[in-house]
Amino acid sequence: MPAGLPPNAVRTAYEREIEEIIHGVYQKYSDVNEGSVATYIPELGKANPRHFGICLATVDGQVFHAGDWDEEFTIQSMCKPFAFQMALEQCGAEETLKHVGVEPSGDAFNSIELDPKTTRPFNPMINAGAIAVASLIKQLPVEAGVQAFVDKMSQAAGRRLRIDYDVLQSETLTGHRNRAIAYLMRNFGIIDDHVNESLHQYFAQCSMLVTCRDMAIMAATLANMGKNPLTGEQVFDFQYIKYILTVMFTCGLYDYAGGWAYEVGLPAKSGVGGGIFGVVNRQLGVSVYSPKLDAQGNSVRGILVCKELASQLGLHAFEFTNVGSNFLQWLL
Ligand code: GLN
């Protein structure tokens, strides 16, 4: 029985329908075997390629799930919108945007490039932008900044989260490309002298363990104007959430961002750990975990499931019938 409901709560007909849809989508894609698990961070190569979980959490605190929804994996790039939110809250929009832009790059997540006009990274959803953001929210000593991030994410998930130190070490030992990006940004004055500390903040953020359920609740917290729908805690300053949802919408899937917006139509973010989450503003969060990735570094089954759910539940932001905007009425 999903959390948010008493153990023997009777599901309404609509709730049962949503549960059936989620289980049906899970069954439909459970045999898909395309893609490959990320190995460029060696520790990620240990992921079980069969793992597959789906979770949907509503802003009124209902949670629906299927499969390996409670399996832990590292958040990877799905940390980026939340770190951007923290930078906006700590530094304000004006200062933050001196260090990172909001334009889609149309390039891979790990491109070594800056906007030639401004020398800023294009946006906070690619590695360059996320390292610039990490540099803004890092603290000295570095562990204080990492802890502040983990604390905030724990509030958003509604349970205590932690870093996977094996993944952190693996990222640190092999993250030469990210180091190159960071030093390029140091050259242009986008990040300060504490390059290694900024990288540590970024690597640690990416190495935080989450479940599919955590991500759906964190997404529902964004959908719910920053308030965790299960704990009732106001986690994020809602005035900035529109900004992070916007960059998720335009840049969250890197060089598949346009295709994603066209086909799925949700602000979303993926990570090379195999997670992906999407936000239906004011209504719900949805998350999928499946470690096999496509060429862009997005979860193969994650994308299939999101497309299917968006179509079956009418979640696309510009859906003509706009069932999505009536989603909560479905549940009543
Ligand atoms: N930690 C990973 C990296 O920096 C995150 C990339 C991702 O999830 N797309 O390469």
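This structure is a prediction, so every number in the text was calculated from the model and none was measured.

Rules used in this analysis
- Residues numbered from 1 in each chain as written.
- Predicted model: local features only at pLDDT ≥ 70, side-chain atom pairs only at ≥ 80, totals over all residues.
- Heavy atoms only, no water.
- Helix = DSSP H or I, 4+ residues; strand = E, 2+ residues; numbered from the N terminus.
- Rg over C-alpha atoms; globule rule 2.2 N^0.38 Å.
- Buried < 20%, exposed > 50% of the residue type's maximum accessible area, 1.4 Å probe, protein only.
- Contact = heavy atoms within 4.5 Å.
- Areas by Shrake-Rupley, 256 points an atom, 1.4 Å probe, with all protein chains shown as cover.
- Lys, Arg positive; Asp, Glu negative; His and termini not counted.
- Charge placed at Lys NZ, Arg CZ, Asp CG, Glu CD.
- Near = heavy atom within 4 Å.
- Polar contact = N/O pair within 3.5 Å; in protein donor to acceptor, adjacent residues only side chain to side chain.
- Nonpolar A, V, L, I, M, F, W, Y, C, P; charged D, E, K, R; others polar.
- Pairing = 2+ DSSP bridges.
- Phe/Tyr/Trp six-rings, centres within 6.5 Å; stacked < 30°, edge-to-face > 60°.
- Lys NZ or Arg CZ within 6 Å of the ring centre and 35° of its normal.

Student: Which parts of the structure should I look at to understand the overall build of the chain?
Tutor: Counting its regular elements, the chain contains 12 helices and 10 strands. Taking 20 Å as the expected radius of gyration for a compact globule of 332 residues, we find that the chain reaches 19 Å, a close match to that expectation. Dimensions of the chain, computed from C-alpha atoms along their principal axes, come out at roughly 60 × 40 × 35 Å. Put simply, the chain has 332 residues, and 58% of those count as buried. Of the contacts formed within the chain by residues at least 6 apart in sequence, a portion of 68% connects residues at least 24 apart. Surface accessibility of the chain: about 13,200 Å² in total, with carbon and sulfur atoms responsible for 52%. Looking at charge distribution, the chain has the averaged site of its 25 positive side-chain charges lying 1 Å from that of its 35 negative ones.

Student: Any chance you could explain the site of the ligand here in plain terms?
Tutor: What surrounds the ligand is a group of 13 residues, the closest being Y40, Q76, S77, Y202 and V272. In this structure, E171 approaches the ligand through a side-chain N or O atom, which is 2.8 Å from a nitrogen atom. Between the ligand and V272, the relevant distance is 2.8 Å, taken from an oxygen atom to a main-chain nitrogen or oxygen of the residue. When isolated, the ligand has an accessible area of 300 Å², and the protein chains bury 98% of it. By residue class, the composition of the shell around the ligand is seven nonpolar, five polar and one charged.

Student: Honestly, the sheet that holds strand β6 (residues 208-210) in this entry has me stumped. Any pointers?
Tutor: The antiparallel open sheet is built from three strands, whose spatial order is β4-β6-β5. The open sheet is flanked by β4 (73-74) and β5 (162-163), the only strands paired with a single partner. Pairing geometry for β5 and β6, over two bridges, is antiparallel. Across the sheet, the residue bridging to R162 is L209, located in β6.

Student: Would you mind showing me how to read unusual backbone geometry here?
Tutor: Across residues other than glycine, the phi torsion is negative in most instances, and most of the peptide bonds are trans. Here the bond from L140 into P141 is cis, since omega is 5°, no more than 30 degrees from zero. Here P141 lies in the loop between α3 (127-137) and α4 (142-157). Of note, the phi angle at T119 is positive, near 65°, even though the residue is not glycine. According to the relative accessible area criterion, T119 is partly exposed, its value standing at 23%. Of note in the backbone geometry, R282 takes a positive phi value of approximately 70° without being a glycine. Mapped onto the elements of the fold, R282 is located in the loop between β8 (275-280) and β9 (284-289). Given a relative accessible area of 51%, R282 falls into the exposed group.

Student: What should I look at first to understand the side chain of S299 in this one?
Tutor: With respect to the helices and strands, the residue S299 is situated in the loop between β10 (292-293) and α11 (300-313). By relative accessible area, which is 0% here, S299 ends up buried. Apart from the residues within four sequence positions on either side, S299 is in contact with G274, S290, K292 and L293.

Student: Looking at this model, I keep getting lost on the packing of aromatic side chains. Mind explaining?
Tutor: Describing an aromatic ring pair means giving the distance of the ring centres and the angle of the ring planes. Within this structure, the stated rule accounts for 10 aromatic pairs. Ring geometry for Y40 against F109: centres 6.3 Å apart, planes inclined by 45°, an arrangement best described as tilted. Highlighted residues: Y40 in the loop between β1 (36-37) and β2 (53-58) and F109 in the loop between α2 (80-96) and α3, separated in sequence by 69 residues. Here Y40 falls in the partly exposed class, since its relative accessible area comes to 45%. Taking relative accessible area as the criterion, F109 reaches 11% and is therefore assigned buried. Here F82 and F277 contribute two aromatic rings whose centre-to-centre distance is 5.5 Å and whose plane-to-plane angle is 25°, an arrangement assigned as stacked. Placement of F82 in helix α2 and of F277 in strand β8 is noted, with a sequence separation of 195 residues between them. No difference in accessibility class separates F82 from F277, as the two residues are buried. Taken together, the aromatic side chains of Y40, F109 and Y254 make up a single cluster linked through ring pairs. The ring centre of F52 lies 4.2 Å from the NZ or CZ of R301, which sits over that ring.

Student: What is the right way to read α3 from this model?
Tutor: Three- or four-residue spacings in an α-helix give side chains the same orientation, since the helix completes a turn every 3.6 residues. A large share of α3 lies buried, amounting to 11 of its 11 residues. Among the residues of α3, N127, A128, G129, A130, I131, A132, V133, A134, S135, L136 and I137 are the ones counted as buried. On its buried face, α3 is in contact with α2, α4, α6 (176-187) and α7 (195-206).

Just distances and angles here, no functional claims.
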